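Summary of the model geometry
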Number of protein chains: 2
Amino acid sequence: MFETAELGHRIAKTVFNRAVPKLRSDLLDFQYRLKENGTFPVIVLISGVRGAGKGETVNLLNEWMDPRHILTHAFDTPSDEERDRPPMWRYWRALPPKGKIGILFGSWYTAPIIDRVFRATGRADLLQSIEEINRFEKMLADEGALVLKFWFHLSREAQKKRLKALRSDPETRWRVTRRDTDFFKVYDRFYRVSEETLRATSTADAPWIVVEGADPPYRSLTVGRALLGAMKKRLDAPAERLRPASKPAPIARPIDRRNVLTELDLSRSLTEKAYKAERSAWQGRLNLLARHAKFPRLSITLAFEGMDAAGKGSTIRRVTGGLDARYYHVIPVAAPTDEERAQPYLWRFWRNLPRKGRVTIYDRTWYGRVLVERIEGFCSGADWMRAYTEINDFEEQLARSSTVLCKFWMQISRDEQLRRFKERERMRFKRFKITAEDWRNRGKWDLYQAAAADMIERTSTASAPWTLVEANDKKFARVKVLRTICKRIERALDAL
Amino acid sequence: MFETAELGHRIAKTVFNRAVPKLRSDLLDFQYRLKENGTFPVIVLISGVRGAGKGETVNLLNEWMDPRHILTHAFDTPSDEERDRPPMWRYWRALPPKGKIGILFGSWYTAPIIDRVFRATGRADLLQSIEEINRFEKMLADEGALVLKFWFHLSREAQKKRLKALRSDPETRWRVTRRDTDFFKVYDRFYRVSEETLRATSTADAPWIVVEGADPPYRSLTVGRALLGAMKKRLDAPAERLRPASKPAPIARPIDRRNVLTELDLSRSLTEKAYKAERSAWQGRLNLLARHAKFPRLSITLAFEGMDAAGKGSTIRRVTGGLDARYYHVIPVAAPTDEERAQPYLWRFWRNLPRKGRVTIYDRTWYGRVLVERIEGFCSGADWMRAYTEINDFEEQLARSSTVLCKFWMQISRDEQLRRFKERERMRFKRFKITAEDWRNRGKWDLYQAAAADMIERTSTASAPWTLVEANDKKFARVKVLRTICKRIERALDAL
């Protein structure tokens, strides 16, 4: 993969100077068209070996275009707020919104490659990272992002020459750091690991562009033209091609109409007396768990889904009743803000990820994509189909960063929903809870149930299982939820 | 101030139990009305002595109302991202948006009081903090926020009794920490310092409500009813009273029509040769300064204002030309997003404050309030009048947290603007830069000039002076800007 970047590519300074004015004004032109178009971001990754001109190229791109619409991010040591979340959090934070160009100096490739080169990780870790990166970049592409990945290469010889030249000049000697020497020592290993990574992540959606870094005019023109070409191709494409329509596979419904939800025994209930005793006991236990010495090493995320009036809100209040308000945060999922709409679907959930030692409770969740958005047609079939994979990836990352994720589906019968709707219409402070939309959704009961059963089947994993809650009896439901949360936290604490 | 909170207030448990159901449903009712109304946030501060029931009350408020629309923030040790910014940054971050209730456990009062009690600061520091807090809270009130400040008090005797009771029970002995003992030792001093602070910050906009903390039913009902009463009063008020119209004082224009801008010598210019030499020299110097060993202890904020086509964008590009793209961020100020509109005016500038070691460049700034918003009537007269004070406060906080703030007003003549407008219409990649709005604004030239002169006069301070840039000659302007930035950074580095 790097052979073509060791050919000694170079172009004459005069050729470069002749080419630049046109390239600059074309780049500017397309940068403004991108901004006006506003339907997708451009994400430029700048990676590669040390001393191959990465920094200079980033500066040049900012000089050639309008830096006001470029977001450049360099990833240094993570801050403590970043270390408290999954590793990808800092990259999600840095994604450019639609209409902008984001230049990422260092990226999700840096840690997997460096860790493997210096043997902090094994081969299986690298392979897993590659797999995850491919899924992440596919998601970006599916969301419409134009992803350009540049790898700056220097041959061993060129690298050696560069270090020697820097060292021999007293003016530049200080620029050769210990880190440069360390890296040069492992040049061959770095070559092999990065080549394998690049091969395995060079996909149709986001191919790598390897750039020989020795000759500044050559590398600058290469990067500038590649960026221009990619923006031009996308912006000149007919509008309908921007988001290809694809037919989702129809969901096979079981012919006997039975599914995980129909099988629930909704008659399960608790007496008032048993409820009071159990509720207090589990709330007390939850309270104690939250003061456990090791609790600050966990994050807790509780996700509540269910039909309207299934009791999500009131159950959440019984959970918060066992917790200290300083450490929980309840997020009611409503329509996305305009900042959220300018980002990939899951961005608004990533941005709210809690630090460790905190409990985050979602009243409706990222599963909206495969429930309401699917049924109401707010997104395309292709969008919600891929959401299953994206959600599984998201939840796996949570699990790996010590997040206890409990997902509750609160199930009620159609009759029980009707009874509760009517009650809400009668009661004073519940009147805000019932709208015309609730009645409309009720009309689509079967569709919602089928979508929910499908969702549960596809997204119940070992690290993030669904808990189905028989919720016709609120008392039974609340205790089941409280108990599940306690048990999951206990298991997580034991495993620490 | 605390005497009335040492009377041994208490109410019978039975009275409490009878009162709560109605209070709860009223609170819920008004919480939903607040959400529907959506024009202002409620900010509840919970402060006071240890053991007076602060935590319990916060939990109770969350229990009584719908926790999904309450944002509770507890302020612990600041994170490294917080320590890299002015102390108020973490509180701006936590402000609830319009329509929500924010409960702040610990607040901008905590550090000033505690630091003074333990003699980390002098009396002058406390007085300055009080002054700043009053201005901050006035801003919140002017922005429409309903601010409720609760102080939980325990008499010396009650405090002593509490510690004794906790210590005597093996089950609760662990709850008495070193910190409790330390605090009890300085009880009298804490009493005096906090009383003085409370007296001086109990304003019409945000009065303190002192609550005797010994009796849980008493304190809970007191807080619940105060919150309900305040929400009710505001929400039941006739709509026009929500934002009182006030006539701003008319701006006195000098009778000879001379001002700081008319006095500039716009004929100042540089030859091409001198420009090239000077530009390179200052860019080089800027580049060296940014690598200075002490540079990571500074934040640099560059603010650019000026008439349309005054050369802000092209000057910014000459500044970024001297910097490494990894460490600067250019922010073009456009219309606020919906998340920004749900917050006080300055929030969108606070949220973008950089960490130390970074350069943030604003193309148009917070001064939009007293320029375009004033002239186009986007905000009321009272709003832009108070902006002068708010901006001065904001900039003073930046200065105190080691931010070098350079503010540039780029001044061109009316004729020069016309020439540039016409040039823009002719040139290919500049055509995006000229719109019908630019022509409309040009029609209001005199108004903009008067507003700018007024603004410069009122906001040029020792720590954040305006630099007026004669910009008819772009070369002269760019060099003046580069030189000013270098000199300011040098002075700041020397002072470290």
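Note that the structure is a prediction, hence the values are computed from the model and not measured.

1. Here we look at the overall build of chain A
Looking only at helices and strands, one finds 21 helices and 10 strands in chain A. Taken along the three principal axes of its C-alpha coordinates, chain A extends 85 × 55 × 40 Å. In chain A, buried positions account for 55% of the 496 residues. A sequence separation of at least 24 residues applies to 83% of the contacts in chain A between residues at least 6 apart. As displayed, chain A offers around 22400 Å² of accessible surface, 52% of which is attributable to carbon and sulfur atoms. Taking the average location of the 93 positive side-chain charges in chain A and that of its 65 negative ones, the two points are 3 Å from each other.

2. Structural notes on the side chain of Lys480 of chain A
Residues and elements named next belong to chain A. Its location among the elements puts Lys480 in helix 21 (residues 474–495). At 3.0 Å, the side chain of Lys480 forms a polar contact with the side chain of Glu470. Those residues within four positions of Lys480 in sequence are excluded, and the remaining contacts are Thr467, Leu468, Val469 and Glu470.

3. Here we look at the sheet that holds strand 3 (residues 101–105) of chain A
Residues and elements named next belong to chain A. Sheet architecture is open: 5 strands sit in the order 2-3-1-4-5, paired in parallel fashion. At either margin of the open sheet sits one strand with a lone partner, and together these are strand 2 (70–74) and strand 5 (208–212). Between one strand axis and the next, the sheet turns by 20° as a mean value, whatever way the strands run. Sheet topology note: the strand 1 (residues 42–48)/strand 4 (residues 146–153) ladder contains 7 bridges and is parallel. Its bridge partner being in strand 4, Val44 is matched across the sheet by Leu148. The strands that helix 10 (residues 216–236) touches are strand 1, strand 3, strand 4 and strand 5; relative to strand 4, the one it contacts most, it runs at about 165°.

4. Points about the interface of chain B and chain A
Counting residues at the interface gives 54 residues for chain B, matched by 53 residues for chain A. The contact between chain B and chain A buries some 4600 Å² in all, and 50% of this surface belongs to carbon and sulfur atoms. Joining chain B to chain A, the criterion identifies 6 salt bridges. With a closest N to O distance of 2.9 Å, Glu81 of chain A and Arg93 of chain B form a salt bridge. Inspection of the region where chain B meets chain A yields 16 residue pairs in polar contact (both at pLDDT 80 or more). Elements that contribute at least two residues to the side of chain B that touches chain A include exactly helix 1 (13–37), helix 2 (54–64), strand 2 (70–74), helix 3 (80–83), helix 13 (312–320), strand 7 (328–332) and helix 14 (338–341) of chain B.

5. Notes on helix 13 (residues 312–320) of chain A
Counting buried residues along helix 13 of chain A, 8 of its 9 residues qualify, which places the element largely inside the surrounding structure. Within the sequence span of helix 13 of chain A, burial applies to Lys312, Gly313, Ser314, Thr315, Ile316, Arg317, Val319 and Thr320 of chain A.

6. Some details on unusual backbone geometry
With a phi angle near 70°, Arg364 of chain A is a residue other than glycine that sits in the positive phi range. By the secondary structure assignment, Arg364 of chain A is in the loop between strand 8 (359–363) and helix 16 (372–376). A relative accessible area of 28% means that Arg364 of chain A is categorised as partly exposed. Even without glycine at this site, Arg119 of chain B takes up a positive phi of about 60°. The topology assignment puts Arg119 of chain B in the loop between helix 5 (110–117) and helix 6 (123–142). Since its relative accessible area comes to 60%, Arg119 of chain B is described here as exposed.

7. Quick look at the sheet that holds strand 7 (residues 328–332) of chain A
Residue and element names in this part refer to chain A. With parallel pairing, the 5 strands of this open sheet are ordered in space as 7-8-6-9-10. Lying at the two open borders of the sheet, with one neighbouring strand each, are strand 7 and strand 10 (466–470). The mean angle between the axes of side-by-side strands here comes to 20°, regardless of whether they run parallel or antiparallel. Looking at chain direction, strand 7 and strand 8 are connected through 5 bridges and run parallel. When the bridges of strand 8 are listed, Pro332 appears paired with Asp363. Contacting strand 6 (299–306), strand 7, strand 8 and strand 9 (403–411), helix 13 crosses the sheet at an angle of about 155° to strand 6. Across the sheet, helix 20 (residues 445–459) touches strand 9 and strand 10, and the angle it forms with strand 9 is around 155°.

8. Brief notes about the relation of the copies chain B and chain A
Mapping chain B onto chain A leaves a residual RMSD of 0.0 Å; the transformation is a rotation of 180° accompanied by 0.0 Å of translation along its axis. These values place the two chain copies in the arrangement generated by a two-fold rotation axis. Both copies present the same face, since 98% of the interface residues in chain B are matched by interface residues at the equivalent positions in chain A.

9. Regarding the confidence of the model for chain A
Summary statistics for chain A give a mean pLDDT of 91 and a share of 96% for residues scoring 70 or more. With a pTM of 0.87, the predicted complex shows an ipTM of 0.81.

10. So, the pattern of salt bridges
Scanning all chains against the criterion turns up 88 salt bridges over all chains. Residue Glu416 of chain A is joined to Arg419 of chain A by a salt bridge in which the shortest nitrogen-to-oxygen separation is 2.9 Å. Highlighted residues: Glu416 of chain A and Arg419 of chain A, both in helix 18 (residues 414–426), separated by 3 residues, approximately one helical turn. Owing to a relative accessible area of 46%, Arg419 of chain A belongs among the partly exposed residues under this scheme. Residue Arg374 of chain B pairs with Asp454 of chain B through a salt bridge whose shortest N-O separation is 3.2 Å. Placement of the pair is Arg374 of chain B in helix 16 (residues 372–376) and Asp454 of chain B in helix 20 (residues 445–459), with a sequence separation of 80 residues. Salt bridges linked by common partners bring Lys138, Asp142, Glu143, Asp383, Arg386 and Glu390 of chain A together as one network.

Cut-offs and rules
Residues numbered from 1 in each chain as written. Chains lettered and ligands numbered in written order. Predicted model: local features only at pLDDT ≥ 70, side-chain atom pairs only at ≥ 80, totals over all residues. Heavy atoms only, no water. Helix = DSSP H or I, 4+ residues; strand = E, 2+ residues; numbered from the N terminus. Buried < 20%, exposed > 50% of the residue type's maximum accessible area, 1.4 Å probe, protein only. Contact = heavy atoms within 4.5 Å. Areas by Shrake-Rupley, 256 points an atom, 1.4 Å probe, with all protein chains shown as cover. Lys, Arg positive; Asp, Glu negative; His and termini not counted. Charge placed at Lys NZ, Arg CZ, Asp CG, Glu CD. Polar contact = N/O pair within 3.5 Å; in protein donor to acceptor, adjacent residues only side chain to side chain. Pairing = 2+ DSSP bridges. Axes fitted to C-alpha atoms, helices over the stretch in contact; angles between N-to-C directions. Buried area = accessible area lost by both parts, 1.4 Å probe. Salt bridge = Lys/Arg side-chain N within 4 Å of Asp/Glu carboxyl O. Least-squares fit on C-alpha atoms with pLDDT ≥ 70 in both. pLDDT = per-residue confidence, 0-100.

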